[in-house]
Structure formats: structure tokens, C-alpha cells
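Examination of the molecular architecture
Read off the chains here:
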Amino acid sequence: MVDYVKLAATATRLVEANGRDLSFVQLLETPTDVAEPWRGNATPREASTIVLGSGVAVPPSSASTLGIHVADDHFLKRADQILICVAEEDIENFDEVIDEGSTVWKITGVEKLRPSTTTILYFVGVKR
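So, how was this worked out
- Each chain has its residues counted from 1, following the order in which its sequence is written.
- Selection of residues for local features in this predicted model requires a pLDDT of at least 70, selection of side-chain atom pairs for listing and counting requires 80 or more, and totals for whole chains, interfaces and linings are taken over all residues.
- By convention in this description, side-chain values take in all heavy atoms of the structure and omit both hydrogens and water.
- Only DSSP runs of H or I covering at least 4 residues are called helices, and only runs of E covering at least 2 are called strands; the numbering of each starts at the N terminus.
- Only protein chains enter the accessibility calculation, which uses a 1.4 Å probe; a residue is then buried when its area is under 20% of its type maximum, exposed when over 50%, and partly exposed in between.
- Residue contacts are defined here by distance: any two heavy atoms, one from each residue, within 4.5 Å place the two residues in contact.
- Strand pairing requires that DSSP identify at least two bridges connecting the strands.
- Throughout, an axis means a line fitted to C-alpha atoms (over the contacting stretch in the case of helices), and angles, computed between N-to-C directions, take values from 0 to 180 degrees.
- Residues belong to a common nonpolar core when they are buried Ala, Val, Leu, Ile, Met, Phe, Trp, Tyr or Cys residues joined through side-chain atoms within 4.5 Å.
- Salt bridges are defined as contacts in which a side-chain nitrogen from Lys or Arg sits within 4 Å of a carboxyl oxygen from Asp or Glu.

Counting its secondary structure elements, the chain contains 2 helices and 6 strands. The helix and strand sequence of the chain, counted from the amino end, reads α-β-β-α-β-β-β-β. The dimensions of the chain, computed from C-alpha atoms along their principal axes, are 55 × 30 × 30 Å. Here the chain holds 128 residues, and 34% of them are scored as buried. Contacts in the chain between residues far apart in sequence, at least 24 positions, make up 63% of those at least 6 positions apart.

What follows is the structure, encoded as C-alpha cells:
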């Protein structure tokens, strides 16, 4: 039987050793005035959650060579880069990635490598 926890630990170690530091940002969506939600938030760029991680960027054209198969065909078409990454928490519903503290990428899609109940890697499509 496959030990997915051990595989996840190995993947994390390899990505952290060879990747770059990433910050995954979930932007604040709560409206300033709940009685008038259509007006949005007064500070829409405010982060509500930041999760740290590491990742390696690859061009979408190399996805099939690397064995990355995704359920959504448009996942690769929408992205400028694919980040193969690990994170401290689930990043499936996050909005942006800050690459080594300077470059901000918009997340266009997230796919998980999760063969069991353990998430091993995330494939994050990003665009500038």
C-alpha cells in the first residue's frame, strides 16, 4: 500500500529545496456596508488571509512533458505559468500569489494532486 503522507513529505522537501518562496493571498470580499453589498469593499486590495509556501514555475507548454494532467482543458490555456507548489494550508480558493515578495501573479486556476486524503502538490495557473 502506498504511503501518501511519506510521498507528500518528500514532495514538500524537494519543492522547498529547489523552489522559490511564495505567499498565497486571499483578498477580502466582505462589503464595507452589509446593507449595501453592491458597493463592495472600501479597501478591495486588502488581504484577508496569507498562506506561505514554495513553488517551481514551468511554462504551460511543458505540462504534458512533466506528466501534469488536469481535468479542466482551459486551465493550461488561461495561465502564463504553472506553479508546482506546496503550501501550509489549502489554497484552492485564493486570489493571488506573491513570488519572493515582489512579483504579484493572479491565480487563474488551482488543481490538486490528491490521490487519497493527503494533498501532495498543487498546480497553480497564474497570469500577470
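Sheet strands pair via backbone hydrogen bonds, and the direction of the pair is either parallel or antiparallel. On the basis of which strands lie adjacent, the closed barrel formed by 6 strands has the order S1-S2-S3-S6-S5-S4 and antiparallel pairing. Put simply, the sheet's adjacent strands are angled 45° from each other on average, direction ignored. Summarising the sheet, strand S3 (residues 81-87) and strand S6 (residues 121-127) pair through 5 bridges and their orientation is antiparallel. The residue of S6 that forms the bridge with Leu83 is Val124. Those strands touched by helix H1 (residues 4-18) are strand S2 (47-58), S3 and S6, and its axis lies near 120° from that of S3.

Here we take up the nonpolar core. Judged by nonpolar contacts, the single largest core of 15 residues is most densely connected at Ile68, Phe75, Ile82, Ile84, Ile120, Leu121 and Phe123. For this core, the elements supplying multiple residues, two or more each, are H1, S3 and S6. Val51, Cys85, Ile91 and Val124 belong to the second-largest nonpolar core, a separate cluster that totals 14 residues.

Evaluation of the coordinates by the stated rule reveals 3 salt bridges. A salt bridge links Glu92 to Lys112; the nearest nitrogen and oxygen atoms lie 3.4 Å apart. With Glu92 in the loop between S3 and strand S4 (96-99) and Lys112 in strand S5 (residues 103-113), this pair connects stretches of sequence that are 20 residues apart. Residue Glu92 is classed as partly exposed on the basis of its relative accessible area of 38%. Three or more residues are tied together by salt bridges with common partners; here these are Asp90, Glu92 and Lys112.

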